[in-house]
Amino acid sequence: SPAAQPLSQRRRMEQSPGSLVAGLGATSPAVYRSSEVDLSSPMTFATSPASIRTPRSAATPRRRRTELGGAGDRRELALTTEGSELGLSTDPGAVTSDGGTTSRVVIWGTSVVIAETQQQFRRFINQYIDDGETEGESYYIQRLEELAISEEPFLDISCEHLNRFSHDLYHQLVQYPQEVVPVFDFVVNDIFQERFPDVTLSHQIMTRPFNTEKTSNMRALNPTDIDQLITICGMVIRCSNLIPEMTEAFFSCYVCQKSSSCEIEKGRILEPAVCANCETRHSMSIIHNRCTFSDKQMIKLQEAPDDMPAGETPHTVVLYAYGKLVDQVNPGDRITVTGVYRAAPVRLNPRQRNVKAVYRTYIDVVHFRKDDQHRLREISDEKRKKYRLRLCVDTTA
């Protein structure tokens, strides 16, 4: 097996994307090929190793999902099997060659088979009918029709509905949100383009899953929840000002003035080392005024008094909201947050690579939902009228 190979040999095989995994002979039923895949949002998944762009009209621009990690390199495996010798089900959406072999595209390090996930979610969008409705069109097809009228390119997906329809698909979403949510984006944009080809949106449709299995309180969060989709409740105690975050850097060569741009990957600016035009090394300089930025906001969420044990200090969690989610909540709001739980290292010195052993944790927000429309200590109109009536009675008396 590949795990039995020497470490140095496995590293050499991983560094050469076109190489075949050693140890599998020519007669072996499975052959693994790895290729680099860009996970910018919406993800360009396909049932074959060749990627295609997310379906959209010509006038609909792309939009990256910063809350899912932005652009990054992910490895994709094309698993080729002959028949069902490995015990894997033959996918009708997989690529079948003349020799009877079936190619299944699997995301490296996960159990996500792209073709199967696409088909299951497409069935969910086309067939799911909410409780109380026995006939009629699918619940999410109706939401897409409303989206075509309002032209708001966001579709909320209830995880409760998803779990009721397919537990395996729900489990994949919770375990691998960075990989599965872009697949959802791909399918939704494909269905929307088929039904409403003439509608032009401000950007591609983004799915926002919410209402996962709730964590009882913030104290229950542990390392097993890192990089998973979670839902917590609490009260907002602080909102920062708008933070401009760079999403695309613009470089210009000071020798030949040739310009180039690159997307930010995991908070790192990959500066070109060599100019592609004049081939001068280290001649590229960043032009800040021509870079692309997106909105970002830091929010502090404190556990609700009902969930806090008596005599304990309330716990707080840092949230980061991006894009349209900025300025959606205010201090004092009681909210339910769905997002990806993250852990990031902290450097002892910004000029050194040494990091602390304890990582800082935060949540990249995917969806907000207010539990109470009235803010803390806000008086409703009915109470205000009663209070004014009482003042009038006391004054006349």
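Here, the structure is the one placed above.
Residues numbered from 1 in each chain as written. Predicted model: local features only at pLDDT ≥ 70, side-chain atom pairs only at ≥ 80, totals over all residues. Heavy atoms only, no water.

**Student:** In this structure, what is going on with the packing of helix α5 (residues 167–175) against helix α6 (residues 177–195)? I would like to understand it.
**Tutor:** Geometry of a packed helix pair, given as the angle between the helix axes and the separation of the axes. Where α5 meets α6, the axes come as close as 6 Å, and the angle between the chain directions of the two elements is 120 degrees. Regarding the angle of α5 to α6, the classification is oblique. Contacts between α5 and α6 involve Leu169, Gln172, Leu173, Val174 and Gln175 from the first element and Pro177, Val180, Val181 and Phe184 from the second. Broken down by class, the residue content of the contact of α5 with α6 amounts to seven nonpolar, two polar and no charged. (Axes fitted to C-alpha atoms, helices over the stretch in contact; angles between N-to-C directions. Helix = DSSP H or I, 4+ residues; strand = E, 2+ residues; numbered from the N terminus. Parallel < 35°, antiparallel > 145°, perpendicular 65-115°, else oblique. Contact = heavy atoms within 4.5 Å. Nonpolar A, V, L, I, M, F, W, Y, C, P; charged D, E, K, R; others polar.)

**Student:** Explanation requested: the packing of aromatic side chains in the structure shown.
**Tutor:** Aromatic ring pairs: the centre-centre distance and the angle between the two ring planes describe each pair. Per the counting criterion, the structure on display carries nine aromatic pairs. Taken together, a centroid distance of 5.5 Å and an interplanar angle of 65 degrees make the contact between phenylalanine 124 and phenylalanine 165 edge-to-face. Of this pair, phenylalanine 124 sits in helix α2 (residues 114–127) while phenylalanine 165 sits in helix α4 (residues 159–165), and the two are 41 residues apart along the sequence. The exposure class assigned to phenylalanine 165 is partly exposed, which follows from its relative accessible area of 31%. Where tyrosine 128 meets tyrosine 140, the ring centres are 6.2 Å apart and the plane angle is 45 degrees; that geometry is what we call tilted. Taken together, the residues tyrosine 128 in the loop between α2 and α3 (139–150) and tyrosine 140 in helix α3 connect sequence positions twelve residues apart. Using a relative accessible area of 5% as the deciding quantity, one classes tyrosine 128 as buried. In this structure an aromatic cluster arises from ring pairing among Phe121, Phe124, Tyr128, Tyr139, Tyr140, Phe165 and Phe184. Positioned over the ring face of tyrosine 139 is arginine 143, at 4.5 Å from the centre of the ring. Stacked on the ring of phenylalanine 154, the Lys or Arg arginine 208 has its end atom at 3.9 Å from the ring centre. (Phe/Tyr/Trp six-rings, centres within 6.5 Å; stacked < 30°, edge-to-face > 60°. Buried < 20%, exposed > 50% of the residue type's maximum accessible area, 1.4 Å probe, protein only. Lys NZ or Arg CZ within 6 Å of the ring centre and 35° of its normal.)

**Student:** What am I meant to see in the pattern of salt bridges here?
**Tutor:** If the charged atoms of two oppositely charged side chains come close together, the side chains can form a pair. Counted under the stated rule, the structure contains ten salt bridges. In this structure, glutamate 160 and arginine 164 form a salt bridge, with 3.0 Å as the shortest nitrogen-oxygen distance. Taken together, the residues glutamate 160 and arginine 164, both in helix α4 and four residues apart, mark about one turn of the helix. Since its relative accessible area comes to 41%, glutamate 160 is described here as partly exposed. When the shortest N-O distance is used, the salt bridge between aspartate 227 and arginine 342 registers 3.4 Å. Pair noted here: aspartate 227 is in the loop between β6 (206–210) and β7 (229–239) and arginine 342 is in strand β13 (residues 334–344), with a separation of 115 residues, a long-range link. (Salt bridge = Lys/Arg side-chain N within 4 Å of Asp/Glu carboxyl O.)

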